[in-house]
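# Residue-level structural notes
Residues per chain are reported as follows:
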Amino acid sequence: MIPLPQADQVPRPSWRAAWHLIGAYWVSDDRWKGRSLLALVILLDMLLVYRAVLITYWQKDFYDTLEAHQIATFWHLLGELAVLALVGMVMDAARAYTALALEMRWRNWLTGAFLTRWLRQDAFWRISHAGTVENPDQRIAEDLKWLACNVLELSLGLLRHSANLVSFSVIVWGLSGVLTLSLAGRQFEVAGYMLWVAILYAVLGSLVMERLGRRMVAVDYRQQQAEADFRFLLIRVREHAEQIALLGGGHAEQSALLRRFDAVRANWRHVMTYTKRITLIDRGYTEAGAMVPYLLCGPRFFAGLMSLGDLIQLTQAFTRVRTALSWFIYQYKELALLRSVCWRLGELDRALGWDPADTSVTRLRRRQGRRVGLHVRALSVYTPEGERLSGPLSWSVLPGQRWLITGPAGAGKSTLLRMLAGLWPHGVGVIAVPDRSRMLFLPQQSYLPDGTLRQCLCYPATEQAFSAKACLQALQDVGLGQIGGLLDSAHDWSRRLSPGERQKLAFARVLLHRPAYLFLDEATSALDEASETSLYNLLVQRCPDMAIVSVAHRPALRQFHTDCLALLA
């Protein structure tokens, strides 16, 4: 488990990094559709602000009508209110629908962009192997969703509040009149004094909120990290349920899960503390702010300097102005979450920006017809800590050759295959390889995707790449003919098939794909010698021109290979 950073150790994302994440969509290929939807949402927001302004004038007329006991005007004003209410309902529904459509378009583009980079050039493996970014899956699934949803609402909310500020400031300024102050024997006149009071009140409230709640960013960052670690261990228990049950490891897993949850619970106390602070400031600011216009305007009303309608309109407009100026206070927790999410996504973005060329190993791509084969020159393989595993090594694999790589544990046999696949960056030397589409690697435990047996068999190609007849024949050839009737059945095949059956299925893949270069890393370790012999004989007979490189410990496999490469520890 990666230790949780202290609250003051969590760095904050720069504005440039945040804009890189937020602004990428708006200059993408989908920008015009996104901008059109955004323009429509903004237009509806502005119309809703205009409706709110009309309602304040309606309130002024309504309360003046009540004060004057004008019954005819009363019913007329109720009709106007009904129209305003109906228009507001339609615009609210249209605005909500359009905003959700824009949110999904934005999220769809973000998810596609990050998935492409995550899966391109095996970046997902490099990130997992390096361990520099924990839970990238959660960041793609949840943080991108949060970014698209909440950034849209925060930015539109800021724009809406700005429109409210401009619109209602005019009303507050006009109704405030002039306040005369006496100071040091001199008199000063302050025009629109209620507007200045609202601005001063909001500035003071914002400063207090930032002062007392700024550590919420670090607390939210730690909470998301702790929750992700706990969820990751739950997923591991589900994926390895059989092995855990066979080992009787339920109690050990429970202890580990409770330790992970202790981190969630411990940080939650900080969440509670800072949420309490922010809530108290928020509610105190709101409740006290509601009293300010009555305290300042009440004496003028009782002095007969303003009507009841004027008082109601000024109070409502003052509240709107104060609310608009208080956007930072009311959205402080969401802004703290935004900074935390931007930092998490920024970490992933930087990790995905790794260039495969950033290694001391020079990779050359050999084209068909130009010195065919795989060639290694002066190659040394190292651990991430800089310890040399093997080499320097010069070696060539030509079509039709079958190489057996041997050596003691820790000599770097499997790591050499990873380097040939382009996964291992820690080394020095030159590697000239054919196109990756002509190479197929079979690890000890082959991956089986969710879906039908045919999807598992055709992977990494689609299930339409091979006919049902070819798939059934491949299963029959490797000794899995008994499950051929389930070719189009969807199951969790990684659990339903035994380790030996999964290895046989991997050989069936080879018969379908017919790669020019096949690399096997202990690919028959779960099979008995008879099955292993049968499968190797099958490869030699069916694919005589295929180059085979095997990593294995069983001496019996020597007979199926033409050459041997011994690595020393």
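Below: a short report on this structure. Owing to the predicted nature of the structure, the values given are computational and were not obtained by experimental measurement.

With that out of the way, let us pick up the overall build of the chain. Scanning the chain from N- to C-terminus turns up 18 helices and 13 strands. For the chain, whose C-alpha radius of gyration is 34 Å, the value lies well above the compact-globule estimate of 25 Å for 569 residues. Taken along the three principal axes of its C-alpha coordinates, the chain extends 110 × 55 × 55 Å. For the chain, the residues scored as buried account for 44% of the 569 residues in total. Once the 62 positive and 49 negative side-chain charges of the chain are each reduced to a mean point, those two points are 5 Å apart.

On to the nonpolar core, then. If you look at the biggest cluster of nonpolar residues, it comprises 39 residues, and the most contacted ones within it are Leu442, Leu457, Val478, Leu505, Leu518, Leu520 and Leu539. Sorting the residues of this core by element identifies β8 (439-442), α14 (453-458), α15 (468-477), α17 (499-513), β11 (517-521) and α18 (529-542) as the ones contributing at least two each. No other element matches α17, which puts 7 residues into this core. Apart from the residues lying within four places of it in its own chain, the contact partners of Leu520 are Leu417, Leu442, Phe507, Tyr536, Ile548, Val549, Ser550 and Val551. If you look at the next biggest cluster of nonpolar residues, it comprises 34 residues, including Trp118, Ile140, Leu156 and Ala351.

Further remarks concern a nonpolar patch on the surface. There is a patch of nonpolar side chains on the surface, built from Leu200, Val203, Leu204 and Leu207 and spanning about 390 Å² of accessible area. With respect to the helices and strands, Leu200 occurs in helix α6 (residues 193-213).

With respect to the element layout, Tyr536 can be found in helix α18. Taking the C-alpha atoms as reference points, Tyr536 and Thr524, separated by 12 residues in sequence, lie 9.4 Å from one another. Once residues lying within four places of it in the same chain are set aside, the contact partners of Tyr536 are Leu520, Thr524, Ser550, Leu557, Phe560 and His561.

Moving on: the pattern of salt bridges. Tallied over the full model, the rule gives 13 salt bridges. One salt bridge in this structure joins Arg231 and Glu142, with 3.7 Å as the shortest N-O distance. Taken together, the residues Arg231 in helix α7 (residues 216-239) and Glu142 in helix α5 (residues 136-176) connect sequence positions 89 residues apart. The exposure class assigned to Arg231 is partly exposed, which follows from its relative accessible area of 29%. A salt bridge links Asp492 to Arg495; the nearest nitrogen and oxygen atoms lie 2.9 Å apart. Using a relative accessible area of 33% as the deciding quantity, one classes Asp492 as partly exposed. When its relative accessible area of 37% is taken as the criterion, Arg495 is described as partly exposed. Residues participating in the shared-partner salt-bridge network are Asp45, Arg95, Glu153 and Arg160.

It is at 10 Å that the axes of helix α4 (residues 123-130) and helix α12 (residues 332-352) come closest, and there the two elements cross at 115 degrees. When the axes of α4 and α12 are compared, the pair comes out roughly perpendicular. The hand of the α4/α12 crossing is right-handed. Residues Ala123, Arg126 and Ile127 of α4 form the contact with α12, whose participating residues are Leu348, Ala351 and Leu352. The residue makeup of the contact of α4 with α12, split by class, is 5 nonpolar, no polar and 1 charged.

Here the focus is the sheet that holds strand β6 (residues 402-406). Reading across the sheet, the 5 strands line up as β8-β11-β12-β6-β13 and stay open at both edges, with parallel pairing between neighbours. Edge positions in the sheet fall to β8 and β13 (563-566), since each of these pairs with one other strand and no more. Going from strand to strand, the sheet's axes swing by 15 degrees on average, the running direction of each strand aside. As paired strands, β11 and strand β12 (residues 547-551) are joined by 5 bridges and run parallel to one another. Counterpart to Phe519 in the pairing with β12 is Val549. Contacts from α17 reach β8 and β11, with the element oriented near 175 degrees to β8.

Our next topic: helix α3 (residues 71-119). A rise of 1.5 Å per residue sets the reference length of α3, with its 49 residues, at 72 Å; its end C-alpha atoms lie 71 Å apart and thus fit the reference within 8%. The first or second residue beyond α3 is Gln121, which carries a positive phi of 50 degrees.

Tallying each qualifying case throughout the model produces 0 disulfides. Here Cys456 is not disulfide-linked; the sulfur of Cys458 is the nearest cysteine sulfur, at 9.6 Å. Distance from the sulfur of Cys471, which forms no disulfide, to the nearest cysteine sulfur (Cys458) is 3.8 Å. The class of Cys471 is buried, set by a relative accessible area of 0%.

The topology assignment puts Ile281 in helix α9 (residues 250-302). It is 9.7 Å that separates the C-alpha atoms of Ile281 and Tyr330, two residues lying 49 residues apart in sequence. Contact partners of Ile281, with chain neighbours within four places excluded, come to Val208, Met209 and Leu212.

Conventions used here
- Residues numbered from 1 in each chain as written.
- Predicted model: local features only at pLDDT ≥ 70, side-chain atom pairs only at ≥ 80, totals over all residues.
- Heavy atoms only, no water.
- Helix = DSSP H or I, 4+ residues; strand = E, 2+ residues; numbered from the N terminus.
- Rg over C-alpha atoms; globule rule 2.2 N^0.38 Å.
- Buried < 20%, exposed > 50% of the residue type's maximum accessible area, 1.4 Å probe, protein only.
- Lys, Arg positive; Asp, Glu negative; His and termini not counted.
- Charge placed at Lys NZ, Arg CZ, Asp CG, Glu CD.
- Core = buried A, V, L, I, M, F, W, Y, C linked by side-chain atoms within 4.5 Å.
- Contact = heavy atoms within 4.5 Å.
- Patch = residues over 30% accessible without salt bridge, like charges linked within 9 Å, V, L, I, M, F, W, Y side chains within 5 Å.
- Areas by Shrake-Rupley, 256 points an atom, 1.4 Å probe, with all protein chains shown as cover.
- Salt bridge = Lys/Arg side-chain N within 4 Å of Asp/Glu carboxyl O.
- Axes fitted to C-alpha atoms, helices over the stretch in contact; angles between N-to-C directions.
- Parallel < 35°, antiparallel > 145°, perpendicular 65-115°, else oblique.
- Left-handed = near helix turned anticlockwise from the far one by under 90°.
- Nonpolar A, V, L, I, M, F, W, Y, C, P; charged D, E, K, R; others polar.
- Pairing = 2+ DSSP bridges.
- Expected span 1.5 Å × (residues − 1).
- Disulfide = S-S within 2.5 Å.

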